[in-house]
Amino acid sequence: MKFALPSQETVLKAAKEYTLITLSTLLMAVGIYFFKFPNNFTFGGVTGLAVVVSQVMPISPSTVNFIVNLVLLLLGFLFLGKGFGVRTVYSSMLLSVALSGMEYLWPLDKPLTDDPLLELIFAIVLPGLGSAILFNIGASSGGTDVVAMILKKFTSVNIGNALLLSDLLITLSAFFIFDIKTFLFSMLGLFSKSLVIDNVIESINLCKYFNVVCSSPEPICDYIVHKLGRSATVCEAEGAFSHDKKYIIFTVLKRYQAVQLRQYIKQVEPGAFILISNTSEIIGKGFHSV
């Protein structure tokens, strides 16, 4: 039996994806270990649960996180089969190993600073940025995401509400285990985390949608296709006041490409009418698949 070797393009794409997964997961680990664990912030997922469990059992948060993630991954393989996401497994195990390695290399018995609000910001932003990058390439760091995948397959439970409820219960436990200050900071972190992730994902995917009303579409379309490496759609139109024959060019570009197109249109057809809007949800060839 002959096995076809993957193409160079496939190998490069996989290398790029796993490099992003590795860097974003390590970014999450830094935020969790250096800022979340020392301050006992309990917001969110398995790492929040690890903070709570470590207070009632003689075991470190990193070890709790490792054990819980391992159990969840085993459940994932058991209930979801061999098709269970390889990238999720890789990121989950890397996060667990990174947290345990940091605990060994840089043991912490107190927060890095005496400013809990500053540390809360880093505990939100660093893992939030890492999670956003993972979600954007179709991966995750495991944890409660595995539970969500299992629930989605076998039940009709609203996954978003179920995960929000679990995060809320873990965060509320800070009220009973820690002081009121830690509880309030954890609640603030819970409410802020999703906003950070959503905004980072939107910023990563942000593109410029162009409607260009012009008299001569050929040079503009040629520039879009051959210089910018994008495509466009052209429609015939008629001016409502002048009744002159016009054309409308529709295209979507990355931000740096949008600047180039604006400058080019200004040179070749200064009288063109251009509408530019921001968009981050683009489905189609060259962007996100359906």
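For the structure itself, consult the block above.
Scope of this entry: the structure provided in the associated data block. (Residues numbered from 1 in each chain as written. Predicted model: local features only at pLDDT ≥ 70, side-chain atom pairs only at ≥ 80, totals over all residues. Heavy atoms only, no water.)

1. Concerning the overall build of the protein chain
Right, so step 1: When its secondary structure is counted, the protein chain shows 10 helices and four strands.
Right, so step 2: The secondary structure elements of the protein chain, listed N-terminal to C-terminal, are α-α-α-α-α-α-α-α-β-α-β-β-α-β.
Right, so step 3: Taking 290 residues into account, the globule formula puts the C-alpha radius of gyration at 19 Å, and the protein chain, at 25 Å, lies well above it.
Right, so step 4: Looking at the protein chain as a whole, 39% of its 290 residues qualify as buried.
Right, so step 5: Long-range pairs, those at least 24 residues apart, make up 73% of the contacts in the protein chain between residues at least 6 apart in sequence.
Right, so step 6: Surface exposure of the protein chain reaches about 16,900 Å², of which carbon and sulfur atoms provide 65%.
Right, so step 7: Charged side chains of the protein chain number 21 positive and 19 negative; the gap between the two group centres comes to 7 Å. (Helix = DSSP H or I, 4+ residues; strand = E, 2+ residues; numbered from the N terminus. Rg over C-alpha atoms; globule rule 2.2 N^0.38 Å. Buried < 20%, exposed > 50% of the residue type's maximum accessible area, 1.4 Å probe, protein only. Contact = heavy atoms within 4.5 Å. Areas by Shrake-Rupley, 256 points an atom, 1.4 Å probe, with all protein chains shown as cover. Lys, Arg positive; Asp, Glu negative; His and termini not counted. Charge placed at Lys NZ, Arg CZ, Asp CG, Glu CD.)

2. With respect to the nonpolar core
Right, so step 1: Phe43 and Leu99 are the most contacted members of the largest nonpolar core, which totals 33 residues.
Right, so step 2: The set of elements that each furnish at least two residues to this core consists of helix H1 (8-36), helix H4 (86-105), helix H5 (116-136) and helix H8 (180-205).
Right, so step 3: Among the elements that line this core, the one with the most residues is H8, at eight residues.
Right, so step 4: Setting aside chain neighbours within four positions, we find phenylalanine 43 in contact with Lys36, Gly48, Leu120, Ala123, Ile124, Thr171, Ser186, Gly189, Leu190 and Lys193.
Right, so step 5: One finds Val212, Cys214, Ile220 and Ile265 within the second-largest nonpolar core, a separate group that totals 15 residues. (Core = buried A, V, L, I, M, F, W, Y, C linked by side-chain atoms within 4.5 Å.)

3. Focus on helix H9 (residues 217-227)
Right, so step 1: For H9, the full list of buried residues reads Pro217, Ile220, Cys221, Tyr223 and Ile224. Around the axis of H9, the buried residues are gathered within 155 degrees of arc, so they sit on the same side. In H9, the exposed positions angled more than 90 degrees off the buried face are occupied by Glu218, His226 and Lys227.
Right, so step 2: Along its buried surface, H9 packs onto strand E1 (207-214), strand E2 (233-238), strand E3 (245-253) and helix H10 (255-268).
Right, so step 3: Looking at the residues trailing H9, positive phi occurs at glycine 229, about 70 degrees. (Arc of directions from axis to C-beta.)

4. Describing the side chain of serine 24
Right, so step 1: For serine 24, the position within the fold is in helix H1.
Right, so step 2: Note on serine 24: relative accessible area 2%, which makes it buried.
Right, so step 3: Of the polar contacts made by the side chain of serine 24, one reaches the backbone oxygen of leucine 20; its length is 2.7 Å.
Right, so step 4: Side-chain polar atoms of serine 24 contact the backbone oxygen of isoleucine 21, separated by 3.1 Å.
Right, so step 5: Leave out the neighbours within four places in its chain, and serine 24 touches Gly130, Ile133 and Leu134. (Polar contact = N/O pair within 3.5 Å; in protein donor to acceptor, adjacent residues only side chain to side chain.)

5. Describing the side chain of glutamate 119
Right, so step 1: By the secondary structure assignment, glutamate 119 is in helix H5.
Right, so step 2: Notably, glutamate 119 is buried but unbridged: the nearest opposite-charge side chain belongs to lysine 110, and the N-O separation is 10 Å.
Right, so step 3: When sequence neighbours within four positions are dropped, the list of residues in contact with glutamate 119 reads Phe34, Phe35, Asn39, Phe41, Pro111, Leu112 and Thr113. (Salt bridge = Lys/Arg side-chain N within 4 Å of Asp/Glu carboxyl O.)

6. Considering a nonpolar patch on the surface
Right, so step 1: The grouping of Val56, Met57, Phe175, Phe176, Ile177, Ile180 and Leu184 at the surface amounts to a nonpolar patch, some 740 Å² of accessible area in total.
Right, so step 2: With three residues, the single largest contributor to the nonpolar patch is helix H7 (residues 159-177).
Right, so step 3: As for its placement among the helices and strands, phenylalanine 175 is situated in helix H7.
Right, so step 4: The class for phenylalanine 175 is partly exposed, based on a relative accessible area of 43%. (Patch = residues over 30% accessible without salt bridge, like charges linked within 9 Å, V, L, I, M, F, W, Y side chains within 5 Å.)

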